[in-house]
Amino acid sequence: STAASIPSGYLLDMYPGHMLLAVCLVFEAALLVIIPFTVHFWQVLLLYASIATTYNVLNIVGNTLTVWLYEDRAGAFLNAVNASFGVGCLIAPQIMDLCTSLFHKGLYVYTLLGAWAFLVAVMCFFIKSPPNAEKKEGG
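Just so it is clear, the structure is predicted and the values come from calculations on it, not from any experiment.

1. A look at the overall build of the protein
- A count of helical and extended segments in the protein gives 6 helices and 0 strands.
- When its helices and strands are written in sequence order, the protein yields α-α-α-α-α-α.
- For the C-alpha atoms alone, the extent of the protein along its principal axes is close to 55 × 30 × 25 Å.
- Looking at the 139 residues of the protein, the share that counts as buried comes to 27%.
- Once local pairs closer than 6 in sequence are excluded, the contacts in the protein between residues at least 24 apart make up 71%.
- Accessible surface computed for the protein: about 9,200 Å², of which carbon and sulfur atoms make up 72%.

Quick look at the structure:
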């Protein structure tokens, strides 16, 4: 969305990309863990809007970092990222079924996804970001 893409560009100019990924993932993990505890529709709406914003920032920053890292060869890697969305859509019902059968509550899927996002965030804190392509060229 435009609401997330404009600030993402400015944030990438000011901060290392992997740090942005890590911070967004921590924020998203916290939001996902909170969802099962909401009782009002407006709370769910606010949480999902916030998750969508962090997702859009993650998507934009991740795609930009891929282009900076692989430059002319980025096309195949971007296609692989988009293919992983399809894989995620394929396995999401199985994850939900697993949570329902193990814990007898489907809402635990949010806790599981939040934990996964947090683990990925921890890894992102230790990855070096590729240099900003515009700053590298002097633009």
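And the narrative resumes.
2. A short note on the nonpolar core
- In terms of nonpolar packing, the biggest core is built from 16 residues, with L21, L25 and V61 touching the most fellow members.
- Put simply, the parts of the chain that give this core at least two residues each are α1 (2-14), α2 (17-34), α3 (41-70) and α5 (108-125).
- Of all the elements, α2 adds the most residues to this core, at 6 residues.
- One finds L31, I35, V109 and Y110 within the second-largest nonpolar core, a separate group that totals 8 residues.

3. Some remarks on the packing of α2 against α5
- Direction vectors running N to C along α2 and α5 enclose 160°, while the axes themselves pass 8 Å from each other. With respect to each other, α2 and α5 are oriented roughly antiparallel. Of the two elements, α2 crosses α5, and the hand of that crossing is left-handed. Residues H18, M19, L21, A22, L25, V26, A29, L32 and V33 of α2 pack against Y110, T111, L113, G114, A117, F118, V120, A121, C124 and F125 of α5.
- Per-class residue counts for the contact of α2 with α5 are 16 nonpolar, 3 polar and no charged.

4. Thoughts on the confidence of the model for the protein
- When pLDDT is averaged along the protein, the result is 88, and 94% of the positions lie at 70 or above.
- Looking across the protein, the model is least confident in helix α6 (residues 133-137), with a mean pLDDT of 64, and most confident in α2, with 94.

5. As for the packing of helix α4 (residues 74-103) against α5
- Their axes nearest at 9 Å, the elements α4 and α5 cross at an angle of 115°. The interaxial crossing formed by α4 with α5 has right-handed handedness. Residues I95, M96, C99 and F103 of α4 form the contact with α5, whose own contacting residues are Y108, V109 and L112.
- Here the residues of the contact of α4 with α5 are counted per class, giving 7 nonpolar, no polar and no charged.

6. Remarks on α4
- Here α4 is 30 residues long and its end C-alpha atoms lie 41 Å apart, about the 44 Å a rise of 1.5 Å per residue gives.
- Residue I91 marks the point of greatest curvature in α4, where the axis turns by about 35°; the proline P93 follows within four residues.
- Two residues or fewer after α4 comes H104, characterised by a positive phi angle close to 60°.

7. A few points about the side chain of T38
- Tracing the backbone through its elements, the reader meets T38 in the loop between α2 and α3.
- For T38, a relative accessible area of 18% gives the class buried.
- Ignoring anything within four residues of it in the chain, the contact list for T38 reads Q43, V44 and L47.

Cut-offs and rules
Residues numbered from 1 in each chain as written. Predicted model: local features only at pLDDT ≥ 70, side-chain atom pairs only at ≥ 80, totals over all residues. Heavy atoms only, no water. Helix = DSSP H or I, 4+ residues; strand = E, 2+ residues; numbered from the N terminus. Buried < 20%, exposed > 50% of the residue type's maximum accessible area, 1.4 Å probe, protein only. Contact = heavy atoms within 4.5 Å. Areas by Shrake-Rupley, 256 points an atom, 1.4 Å probe, with all protein chains shown as cover. Core = buried A, V, L, I, M, F, W, Y, C linked by side-chain atoms within 4.5 Å. Axes fitted to C-alpha atoms, helices over the stretch in contact; angles between N-to-C directions. Parallel < 35°, antiparallel > 145°, perpendicular 65-115°, else oblique. Left-handed = near helix turned anticlockwise from the far one by under 90°. Nonpolar A, V, L, I, M, F, W, Y, C, P; charged D, E, K, R; others polar. pLDDT = per-residue confidence, 0-100. Expected span 1.5 Å × (residues − 1). Bend = angle between axes of the 7 residues up to and from the residue.

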